[in-house]
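Residues per chain, in single letters:
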Amino acid sequence: VWVRGGNAPGTGGGALISGGVTIRNCVFLGNTCGQRGGAAHYGPGDGGAPLFEACRFYTNYSLNTADSVGGAIAGDGQGARIIGCFFTGNRAAFGAAIGVTGGVCTVTNCSLTNQTAFVSGGGVFVSGATTAVHIGNTLFRLNRAGSWLRTGSRRPISSGRCSSSRARANASPSPQCRAWNGSLS
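Residues numbered from 1 in each chain as written. Predicted model: local features only at pLDDT ≥ 70, side-chain atom pairs only at ≥ 80, totals over all residues. Heavy atoms only, no water.

Examining the overall build of the chain
Now for step 1: Within the chain, the secondary structure is distributed over zero helices and 25 strands.
Now for step 2: Per-residue burial over the chain gives 55% buried out of 185 residues.
Now for step 3: Nonlocal contacts in the chain, meaning residues at least 24 apart in sequence, comprise 76% of its contacts between residues at least 6 apart. (Helix = DSSP H or I, 4+ residues; strand = E, 2+ residues; numbered from the N terminus. Buried < 20%, exposed > 50% of the residue type's maximum accessible area, 1.4 Å probe, protein only. Contact = heavy atoms within 4.5 Å.)

A look at the pattern of salt bridges
Now for step 1: Evaluation of the coordinates by the stated rule reveals two salt bridges.
Now for step 2: Ionic pairing is found between Glu53 and Arg24, a salt bridge with its closest N-O pair at 2.7 Å. Separated by 29 residues along the polypeptide, Glu53 in strand E8 (residues 51-53) and Arg24 in strand E4 (residues 22-24) bring together distant segments of the chain.
Now for step 3: According to the relative accessible area criterion, Glu53 is partly exposed, its value standing at 24%. (Salt bridge = Lys/Arg side-chain N within 4 Å of Asp/Glu carboxyl O.)

Examining the environment of Ile17
Now for step 1: Here Ile17 shows up in strand E3 (residues 15-18).
Now for step 2: Exposure remark for Ile17: the relative accessible area of 8% places this residue in the buried category.
Now for step 3: Considering only alpha carbons, one finds Ile17 and His41, 24 residues apart in sequence, at a separation of 6.0 Å.
Now for step 4: With residues near it in sequence (within four places) discarded, Ile17 still touches Ile23, Ala40, His41, Tyr42, Gly43, Pro50 and Phe52.

Some points on the sheet that holds strand E13 (residues 86-88)
Now for step 1: Strand order in the open sheet made by the six strands is E1-E5-E9-E13-E17-E21, with parallel pairing throughout. Strands with a single pairing partner mark the edges of an open sheet, and in this sheet they are strand E1 (2-4) and strand E21 (139-141). Strand-to-strand twist across the sheet, computed as the mean angle between neighbouring axes with direction ignored, equals 5°.
Now for step 2: The pairing of strand E17 (residues 111-113) with E21 spans three bridges and is parallel. Each bridged residue has a counterpart across the sheet, and for Leu112 the counterpart in E21 is Phe140. (Pairing = 2+ DSSP bridges. Axes fitted to C-alpha atoms, helices over the stretch in contact; angles between N-to-C directions.)

Re the pairing of strand E20 (residues 132-136)
If a strand is regular, its side chains alternate between the two faces of the sheet.
Now for step 1: Buried residues dominate E20, accounting for four of its five residues.
Now for step 2: Bridge count for strand E16 (residues 104-108) against E20 is five bridges, and the pairing is parallel. Paired with Thr108 across the strands is Gly136, a residue of E20.

So far we have only geometry, and geometry alone does not tell us how the molecule works.
What follows is the structure, encoded as structure tokens:
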């Protein structure tokens, strides 16, 4: 299934998800939103955490450059499982590929390349005192962000097991260039 060219003024340019649905073998291409989740936004609902499996996310944008979250996927208030997905060319202010602001999100066997965050989190952005992201066997490569810095409870992840990832605020990406085979909380 292809989800292409969707647009929403607020959240979920391609899909707005509530509850434990499975989205498998889908392509999200060129979707946009004003605030959260250019391709897809998930939030609290019955049925547990959504599963994104073997999906591809190309050039999805969360357009508000001041405070948009999740160029491809944004999640609020509950976790998600993201397995075997490929992300490239997605953009947002925070979390160009994935932005999580609640719950526990698991990212496994994925590839996040060539993402652009205007502020923070070229690959993944995590915010909130009770939010956690577990990342395993995932490639972060050529992702760009306005800052490597952590501010308050906001925790950006721009690179891991990386090659040539960079940020404008810090020329030395070494703390971020490692495999994320555990959890960040």
